Amino acid sequence: MTDATSTGQEPVAIMESPIHVDYRFTAGLAQSRFLKGLSQGRFLGQRCPRCHKVYVPPRGSCPTDGVPTTDEVELSNQGTVTTYCVVNVPFQGQSIEIPYICAQILLDGANLAFMGLIQEIAADQVRMGMRVEAVWVPPEELGPTMASVRHFRPTGEPDADYESFKEYL
Amino acid sequence: MSAAPTGRPVAVVSFAQSPQVRREDHRNEVEMLMPVVEEVFSRIGVTKADMGFVCSGSSDYLVGAPFSFVSALDAVGVWPPMRESHVEMDGAWALYEAWTMLRAGDVDTALVYSFGRSSPGQLAKILALQLDPYYLAPLWPPPTALAALQARAVIDAGRATEEDFAEVAARSRRQALANPHAQLSGDRAPGELMKDDYVVSPLRRHALPPITDGAAAVVLAAGERATELCDRPAWITGIDHRIETHALGARDLTSSPSTTLAARGAGLGERAAVDVAELHAPYAHQELILRDALGLGAEVSVNPSGGALAANALMVAGLIRIGEAAQRIMDGSAARALAHATSGPCLQQNLVCALAAETPSGGR
Amino acid sequence: MAERCAVIGAGQTKHAAKREDVSIAGLVREAAERALEDAAMDWGDIDAVVIGKAPDMFEGVMMPELYLAPALGAVGKPMVRVHTAGSVGGSTAIVAAHLVTSGVHRRVLTVAFEKQSDSDAMWALSVPQPFSAPLLAGAGGYFAPIIRAYMRRSGAPDHIGIVVAVKDRKQALKNPYAHLHIEDISFEMVRDSIMLWDPIRYLETCPSSDGAAAMVLADEDCAAASPRRPAWVHGMAMRSEPTMFAGRDQVNPQAGRDCAADVYAQAGITDPRSQIDVAEVYVPFSWYEPMWLENLGFAPDGEGWKLTDSGATALDGGDIPWNCSGGVLSSNPIGASGMLRFLEVALQVRGQAGAHQVDGVRRALGHAYGGGSQFFSMWVLGTEKP
Ligand SMILES: [Zn+2]
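Residues numbered from 1 in each chain as written. Chains lettered and ligands numbered in written order. Predicted model: local features only at pLDDT ≥ 70, side-chain atom pairs only at ≥ 80, totals over all residues. Heavy atoms only, no water.

Undergrad: Is there a simple way to think about the overall build of chain B in this case?
TA: Helix and strand counts for chain B stand at 12 helices and 12 strands. Taken over the C-alpha trace, chain B has a radius of gyration of 19 Å; the compact-globule value for 364 residues is 21 Å, and the two agree within 12%. C-alpha extents for chain B along the principal axes are approximately 55 × 45 × 40 Å. The 364 residues of chain B split such that 68% are buried. When contacts within chain B are restricted to residue pairs at least 6 apart in sequence, long-range pairs at least 24 apart make up 79% of them. Carbon and sulfur atoms make up 51% of the accessible area of chain B, which totals about 11,400 Å². Across chain B, the mean location of the 30 positive side-chain charges is 3 Å away from that of the 41 negative side-chain charges. (Helix = DSSP H or I, 4+ residues; strand = E, 2+ residues; numbered from the N terminus. Rg over C-alpha atoms; globule rule 2.2 N^0.38 Å. Buried < 20%, exposed > 50% of the residue type's maximum accessible area, 1.4 Å probe, protein only. Contact = heavy atoms within 4.5 Å. Areas by Shrake-Rupley, 256 points an atom, 1.4 Å probe, with all protein chains shown as cover. Lys, Arg positive; Asp, Glu negative; His and termini not counted. Charge placed at Lys NZ, Arg CZ, Asp CG, Glu CD.)

Undergrad: I'm lost on the layout of surface pockets in this one. Help?
TA: Here the idea is plain: a probe the size of a water molecule rolls over the atoms and shows the empty space left. Space inside the second largest pocket adds up to approximately 1,200 Å³. For the lining of the second largest pocket, the residue count by class is 26 nonpolar, 7 polar and 9 charged. (1 Å grid on protein atoms, 1.4 Å probe; cavity = no way out; pocket = protein on both sides within 12 Å on 5 of 7 lines; lining within 4 Å. Points joined across faces, edges and corners; volume = space filled by probe spheres on them. Nonpolar A, V, L, I, M, F, W, Y, C, P; charged D, E, K, R; others polar.)

Undergrad: I keep staring at the side chain of Q150 of chain B and nothing clicks. Help me out?
TA: All names here are of chain B. With respect to the helices and strands, the residue Q150 is situated in helix 6 (residues 143–156). Classification of Q150 as buried rests on a relative accessible area of 0%. Once residues lying within four places of it in the same chain are set aside, the contact partners of Q150 are L253, H285, Q286, I289, C346 and L347.

Undergrad: I'm lost on the coordination of the zinc ion in this one. Help?
TA: Six octahedral donors at a metal ideally form angles of 90 or 180 degrees, and four tetrahedral donors ideally form angles of 109.5 degrees. Residues and elements named next belong to chain A. Distances from the zinc ion to its protein donors, C48 (SG), C51 (SG), C62 (SG) and D65 (OD), fall within 2.0 to 2.3 Å. Its 4 donor atoms give the zinc ion angles of 104 to 112 degrees at the centre, a pattern that matches the tetrahedral case. One chain supplies every donor for the zinc ion, spaced along it as C-x2-C-x10-C-x2-D. A residue pair is termed long-range when its members are at least 10 positions apart, and C48 in the loop between strand 1 (43–47) and strand 2 (54–55) and C62 in the loop between strand 2 and strand 3 (71–75) qualify at 14 residues. Among the residues examined, C48 registers a relative accessible area of 0% and is labelled buried. (Donors = N, O, S within 2.8 Å, 3.2 Å for Na, K, Ca; no water. Tetrahedral: all angles 85-135°; square planar, octahedral: opposite > 155°, others 65-115°.)

Undergrad: What exactly am I supposed to notice about empty space enclosed by the protein here?
TA: All names here are of chain B. Throughout the structure, instances matching the rule amount to 5 cavities of 30 Å³ or more. Taken as a whole, the largest cavity encloses approximately 70 Å³ of empty space. Lining the largest cavity are Q17, Q20, N179, A182, S305, G307, A310, A311, A317, I320, R321 and E324. For the lining of the largest cavity, the leading source of residues is helix 12 (residues 317–330), giving 4 residues. Grouping the constituent residues of the lining of the largest cavity by class yields 5 nonpolar, 5 polar and 2 charged.

Undergrad: Help me understand the packing of aromatic side chains in this model?
TA: Between two aromatic rings, the relevant description is the distance of the centres plus the angle of the planes. All names here are of chain C. By the definition in use, this model includes 22 aromatic pairs over all chains. Their ring planes at 90 degrees and their centres at 5.3 Å tell us that F298 and W322 sit as a pair that is edge-to-face. Placement of F298 in the loop between helix 11 (288–295) and helix 12 (304–309) and of W322 in the loop between helix 12 and helix 13 (334–350) is noted, with a sequence separation of 24 residues between them. On the basis of relative accessibility, which here comes to 4%, the residue F298 falls in the buried class. Residue W322 is classed as buried on the basis of its relative accessible area of 0%. Site record: aromatic cluster; members linked through ring pairs are Y142, F143, Y282, F285, Y288, W292, Y369 and F376. (Phe/Tyr/Trp six-rings, centres within 6.5 Å; stacked < 30°, edge-to-face > 60°.)

Undergrad: Explain the nonpolar core here, please?
TA: In a soluble, globular protein the nonpolar side chains are often hidden away together inside. One finds F43 of chain A, L111 and L220 of chain B together with W379 of chain C to be the most contacted residues of the largest nonpolar core, which totals 216 residues. With 10 residues, helix 13 of chain C is the largest single contributor of residues to this core. For this core, the two domains that each supply at least three residues are domain 1 (10–121 + 211–229) and domain 2 (123–210 + 237–356) of chain B. Formed by 49 residues, the second largest nonpolar core is a distinct cluster that contains V28, A35, A71 and A223 of chain C. (Core = buried A, V, L, I, M, F, W, Y, C linked by side-chain atoms within 4.5 Å. Domains from an automatic or database assignment.)

Undergrad: Help me understand unusual backbone geometry in this model?
TA: Residues other than glycine predominantly adopt negative phi, and peptide bonds predominantly adopt the trans conformation. Note the cis peptide between S201 of chain B and P202 of chain B, where omega equals 5 degrees. Summarising the element assignment, P202 of chain B is placed in the loop between strand 5 (198–200) and strand 6 (203–204). Going from D198 of chain C to P199 of chain C, the amide bond is cis rather than trans, its omega being 15 degrees. Looking at where P199 of chain C falls in the secondary structure, it is placed in the loop between strand 5 (195–198) and strand 6 (200–201). In the Ramachandran plot, C346 of chain B falls in the positive-phi region, its phi being about 50 degrees despite a non-glycine side chain. Structurally, the position occupied by C346 of chain B is in the loop between strand 11 (336–343) and strand 12 (349–356). Non-glycine residue L347 of chain B carries a positive phi angle of around 60 degrees. On the secondary structure map, L347 of chain B appears in the loop between strand 11 and strand 12.

Undergrad: I would appreciate a short explanation of the interface of chain B and chain A in the present structure.
TA: When the parts of a complex come together, some accessible area is lost, and that lost area is often taken as the interface size. Facing 33 residues of chain B, the contacting portion of chain A comprises 26 residues. Roughly 2,200 Å² is buried in total at the junction of chain B and chain A, and carbon and sulfur atoms are behind 52% of that figure. Run the count over chain B and chain A and you get 1 salt bridge. Taken together, chain B and chain A are joined by 15 residue pairs in polar contact (both at pLDDT 80 or more). Listing elements by their share of the side of chain B that touches chain A, those giving two or more residues are helix 1 (29–42), helix 2 (60–63) and helix 5 (123–128) of chain B. The greatest single-element share of the side of chain B that touches chain A, amounting to 4 residues, is contributed by helix 1 of chain B. Its residues assigned to classes, the side of chain B that touches chain A shows 16 nonpolar, 7 polar and 10 charged. (Buried area = accessible area lost by both parts, 1.4 Å probe. Salt bridge = Lys/Arg side-chain N within 4 Å of Asp/Glu carboxyl O. Polar contact = N/O pair within 3.5 Å; in protein donor to acceptor, adjacent residues only side chain to side chain.)

The values reported here are purely geometric and, on their own, carry no functional implication.
Printed below as a string of structure tokens:
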């Protein structure tokens with residue numbers, strides 16, 4: 001073999017090999033109920049028959065008991081910011097104006113927080129314990145997708161007590 | 001560290017599988033797995049709290065999501081925290097990992113499970129990603145084409161004919177009639193199968209495996225714990241696995257030396273003396289290669305379940321072979337059995353598990 | 001555990017943002033050959049190969065062990081591929097060690113790698129899923145709220161994360177294999193770096209690296225025949241808990257506490273701070289040092305930051321130096337990052353760590369964790385045969 005560099009040629013360091021694969025994802029029975037709820041502007045969670053915790057979005061099982069969650073529970077449109085971060089860098093594929101707030105939101109009646117976007121408030125005004133509510137897209141734009149929730153915004157209520165949500169941190 | 005006897009015997013004490021289907025359209029992987037895990041426990045009256053270890057096998061590329069095994073774990077509910085691990089391989093190798101844990105004496109019981117959805121993505125393209133990323137994968141050869149190269153080599157070497165492939169397929173699908181979990185079964189004579197069109201010459205439709213979604217689970221137990229949990233445990237008398245080069249051109253595709261080596265490592269002689277052999281041979285001609293590699297005589301019942309020609313959920317079909325073989329020992333219909341699992345194109349990597357009703361007398 | 005097991009060879013690559021000079025096979029061989037050389041062994045001496053890495057989508061190769069079998073001398077041998085998210089480097093070493101402790105094999109090569117630059121790693125981490133909530137802010141967006149929760153709970157002052165970031169980068173200057181060598185690293189430089197995901201600053205995050213790690217594990221007889229001092233496995237453990245559940249403590253996860261308790265019990269450790277001489281702990285964001293100091297029992301709950309602040313975890317003058325190699329904050333080939341922690345403590349126990357060697361190491365802790373802090377793997381190595 002001849003050393004590529006000794007013949008004055010640059011070695012091949014990188015070759016491009018694009019991969020394109022299409023997938024059909026299966027939402028699952030529980031998530032399907034949740035997604036249908038979103039298209040009606042509602043949060044539908046599920047309760048574990050064993051430990052009675054309410055999960056939203058549901059995945060079909062109670063993650064600690066490993067049993068199917070069976071009872072459907074409609075949750076409030078309001079919740080509490082348990083914790084959050086301030087995003088100061090434009091993130092790939094993200095078009096929101098920086099800085100913006102990514103928060104863990106615990107819906108009233110739920111036992112697990114999920115990640116949501118906080119708007120209609122200055123980033124430096126957001127607090128742990130802040131009360132927020134979902135802002136839905138107009139009814140004609142509702143669909144079976146998380147994009148049906150445009151963002152969350154402050155309700156103006158007094159902040160929740162740290163003790164009331166600290167076990168969800 | 002705790003002192004436990006080395007190499008104490010380990011057995012399969014329970015097995016369960018989901019219906020093996022063309023497409024799981026409604027259930028996600030957690031929902032597919034939960035009933036299987038429930039069944040594998042309830043058969044022997046245990047719960048997750050009785051498990052010392054949990055080990056699973058699956059593939060992110062099949063599911064189309066990174067870390068797909070993470071959410072699948074919610075089908076078990078590992079709380080309080082459990083000893084747990086995962087291989088990006090067929091569940092048969094997860095069982096191997098669990099077997100080493102049990103042998104080492106760290107734990108007495110293990111849940112092994114795997115799930116595989118071959119339906120969501122473009123399977124032929126996905127499997128091409130298993131090939132050499134620089135020279136072969138960019139050509140996107142479909143797995144059927146690679147299998148056909150191997151089948152052609154078998155024919156050219158005078159080892160078998162297309163009629164032999166049809167015999168394998170006819171027998172597999174006929175035996176699958178008795179398997180309630182099978183996806184493909186039927187009673188068509190080999191002569192009739194020979195009228196099928198070629199998919200990739202020399203492989204006709206019948207010589208190919210179906211595309212399958214499915215899940216399976218096994219419980220392993222060591223020493224006395226096995227006899228407590230099961231009247232007739234399927235003792236693992238040996239288990240070993242070997243890999244060959246990825247370069248197809250550098251291999252003799254008509255033989256499977258890695259299977260032979262694994263069989264030796266599992267304590268099987270040149271002619272595996274077993275009642276039943278469950279072989280993970282996705283393509284009909286591969287059963288013939290494996291029979292040779294294992295030295296299986298005509299008296300051995302091969303793939304009574306129908307084998308991978310009846311259902312071939314990737315990452316699961318190998319573990320099912322072990323479960324099916326073990327089941328025949330547990331139900332008393334066999335005294336000695338052999339299970340085989342494969343991975344990679346053209347039988348590149350092979351695992352052999354020897355099982356017996358009789359307790360192994362120490363050693364490996 | 002039945003048979004004894006020891007590390008008798010260790011090797012790693014030079015870690016870098018892009019290792020365009022080697023293929024994937026070249027990368028893993030670079031580490032594996034160094035491990036074999038250290039063990040004074042050849043490929044033929046190895047009985048089995050256990051390889052680990054994070055998601056296949058990082059390189060775009062499905063089950064790359066199939067392609068890597070000949071490059072790692074595995075043809076005709078057993079080969080296992082482990083994937084347990086970020087903890088994989090640690091769990092891969094543990095799976096390999098079980099092949100020895102179970103008496104199945106005598107000499108096992110274990111390798112972990114990531115060549116993130118070969119694919120779009122950010123994409124691979126967040127492949128768009130139609131049903132899950134869109135990932136709004138990348139990895140930091142997931143971890144920053146947890147760090148904020150820790151700060152609130154412990155009352156830790158804002159500068160603690162900076163202290164860790166400076167310490168680990170300074171220590172990396174003594175490790176020739178480290179990816180990041182920031183010669184003029186200083187408190188001010190970290191403090192003034194851009195606040196990416198408040199409260200996480202740019203210089204408080206780990207880099208994205210190409211790299212590999214490899215070790216040769218052996219049974220007692222092979223270790224005795226080995227030319228260099230073996231590092232004996234005194235304990236090893238894995239623990240997992242569900243990713244998301246009601247009441248989950250993500251700041252101080254139970255799985256981490258249980259895993260530590262298990263590995264300490266095996267190694268006979270009752271007071272980790274005094275009985276462990278050095279630790280390599282998976283700290284991808286600087287704030288995870290005080291959090292793991294508490295989780296691993298080196299400090300009472302809420303007081304890990306005080307240990308960090310006092311300088312106790314520094315190579316220079318600390319009584320319990322953490323991440324003398326520079327840690328994950330200085331090199332992060334994801335799949336290998338956990339094994340590098342396990343490997344670095346082997347170097348410390350064997351007295352091979354060079355400029356970042358701690359004097360008189362008798363026992364050391366290697367730690368890896370992954371995902372959303374739900375998967376843990378740890379081992380304790382020692383100079384004495386257990
Ligand atoms: Zn529950």
